[in-house]
Amino acid sequence: MKKDTINITIPSKPDYISVVRLTSSAIASNMGLNIEEIEDIKVSIAEACINAIDKSNQINVQFEIEKDKLIMKVDNVYQAKDDDTNQNKELELGILIIKSLMDKVNFSEKGVEMIKYIEDGNK
Amino acid sequence: MSLDINIKFNEDDSIWVVYPKGEIDIYTSPELKEVLTEALNEKNGDILIDGYNLDYIDSTGLGALISILKRVREKENKVYLTNIKPNIRKLFDITELDKVFIFKE
């Protein structure tokens, strides 16, 4: 099965998260997703990048474009620890948003994998 | 990736009316927090955020609003939101923050 892959690496700074967001929007639009789905993808990828920030000098993002789904992988994204600091509360919100907006979310030691399925499989 | 914040105090209702224009994201949310904190330092009151020109918010923006809400509640004041776009309202619903902020139609 045909699979196209796009990799982006940005410096670990808030300034560049919008670059990833806009890229995700272009990719999702290319795949024929509707406006609401594109918005879900933009929000989710941004939340993943926010989570990854400050954990390394750079943020690695990978888009895998398949006929029936878009897979987005971001390194160094982890579920929040169980404490009550403000920063942790924000991380929890971010994870909750990702889980609500994406069809499937997997965490591993490396980071997160987020999947959005394309219902009609159009391209 | 930009945010303009217009803010003014309405004496009649004793409320800060805030018009954020653009995006409240990880890059701009510290600015929002600073502007609102300064306003509250000047004068305590309710806060109304008019989202007519607000296009986007992320978890750091929600976090900034939560910290302002905590501050406002100390004086038993409230934070109201109005004209919030559906894509932004969706995030308040997901995170159940629709229950702690007051949405005005």
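Shown above is the structure to which this text applies.
Residues numbered from 1 in each chain as written. Chains lettered and ligands numbered in written order. Predicted model: local features only at pLDDT ≥ 70, side-chain atom pairs only at ≥ 80, totals over all residues.

**Some points on the overall build of chain A**
Along its length, chain A carries 3 helices and 5 strands. Overall, chain A shows an N-to-C arrangement of helices and strands of β-α-α-β-β-α-β-β. In terms of overall dimensions, chain A is globule-like: its C-alpha atoms have a radius of gyration of 14 Å, near the 14 Å expected for 123 residues. Dimensions along the principal axes, computed over C-alpha positions, put chain A at roughly 45 × 25 × 25 Å. Counting only residues that meet the buried cut, chain A has 36% of its 123 residues in that class. (Helix = DSSP H or I, 4+ residues; strand = E, 2+ residues; numbered from the N terminus. Rg over C-alpha atoms; globule rule 2.2 N^0.38 Å. Buried ≥ 20, exposed ≤ 12 C-beta atoms within 10 Å, placed from the backbone.)

**Looking at the pairing of strand E3 (residues 69-75) of chain A**
It is a general feature of regular strands that their side chains alternate between the two faces of the sheet. Residues and elements named next belong to chain A. Across 5 bridges, strand E2 (residues 58-65) lies against E3 in antiparallel orientation. From the neighbouring strand, isoleucine 65 faces E3, where its bridge partner is leucine 70. Taking the residues that link successive antiparallel strands as the turn, the E2-E3 hairpin has 3 residues. Of the pairings in the sheet, the one linking E3 to strand E5 (residues 111-117) comprises 7 bridges and is antiparallel in character. Paired with valine 74 across the strands is valine 112, a residue of E5. (Pairing = 2+ DSSP bridges.)

**What about the sheet that holds E5(A)?**
Picture the strands of a sheet paired through backbone hydrogen bonds; they go either parallel or antiparallel. Residues and elements named next belong to chain A. Judged by pairing direction, the sheet is antiparallel, and its 5 strands sit side by side in the order E1-E2-E3-E5-E4 without closing on themselves. Two strands close off the open sheet at either side, each with one partner strand: strand E1 (4-11) and strand E4 (104-107). Ignoring strand direction, the axes of neighbouring strands in this sheet form an average angle of 15 degrees. Strands E1, E2 and E3 of the sheet are contacted by helix H1 (residues 17-30), whose axis makes an angle of about 165 degrees with E1. (Axes fitted to C-alpha atoms, helices over the stretch in contact; angles between N-to-C directions. Contact = placed C-beta atoms within 7 Å.)

**A few points about the environment of Glu34(B)**
Turning to its location among the elements, Glu34(B) is positioned in helix H1 (residues 29-42). The spatial distance from the C-alpha of Glu34(B) to the C-alpha of Lys21(B) is 16 Å, given a sequence separation of 13 residues.

**A closer look at H1(B)**
Residues and elements named next belong to chain B. Between its terminal C-alpha atoms H1 stretches 20 Å, which fits the 20 Å expected from 14 residues at 1.5 Å a residue. Ser29, Leu32 and Leu36 are the residues of H1 that are buried. With its buried residues spanning 60 degrees around the axis, H1 presents them on a single face. In H1, the exposed positions that point more than 90 degrees away from the buried face belong to Pro30, Glu34, Glu38, Asn41 and Glu42. Tucked inside the fold, the buried residues of H1 contact strand E1 (3-10), strand E2 (15-24), strand E3 (46-50) and helix H2 (59-74). (Expected span 1.5 Å × (residues − 1). Arc of directions from axis to C-beta.)

**A closer look at the packing of H1(A) against helix H2 (residues 35-52) of chain A**
Residues and elements named next belong to chain A. For the pair H1 and H2, interaxial distance at closest approach is 9 Å and the crossing angle is 150 degrees. The orientation of H1 with respect to H2, classified from their angle, is roughly antiparallel. The crossing of H1 and H2 is right-handed. Side by side, H1 and H2 meet where Ile17, Val20, Arg21, Ser24, Ser25, Ala28 and Ser29 of the first sit next to Glu37, Ile38, Ile41, Lys42, Ile45, Ala46, Cys49 and Ile50 of the second. For the contact of H1 with H2, the class distribution of residues is 9 nonpolar, 3 polar and 3 charged. (Parallel < 35°, antiparallel > 145°, perpendicular 65-115°, else oblique. Left-handed = near helix turned anticlockwise from the far one by under 90°. Nonpolar A, V, L, I, M, F, W, Y, C, P; charged D, E, K, R; others polar.)

**Quick notes on the interface of chain B and chain A**
On the chain A side, the residues contacting the 13 residues of chain B number 16 residues. Only H2 and helix H3 (86-94) of chain B provide two or more residues apiece to the side of chain B that touches chain A. Here the side of chain B that touches chain A takes 5 residues from H2(B), the largest share from any one element. Its residues placed into classes, the side of chain B that touches chain A shows 6 nonpolar, 6 polar and 1 charged.

**Here we look at the packing of H1(B) against H2(B)**
Residue and element names in this part refer to chain B. Running from N to C, H1 and H2 cross one another at 15 degrees; their axes reach a closest spacing of 9 Å. Classified by the angle their axes make, H1 and H2 are roughly parallel. Viewed along their axes, H1 and H2 form a crossing whose handedness is right-handed. Counting all contacts with H1, which are made through Ser29, Leu32, Lys33, Leu36 and Leu40, the residues of H2 involved are Thr60, Gly61, Ala64, Ser67, Ile68, Arg71 and Val72.

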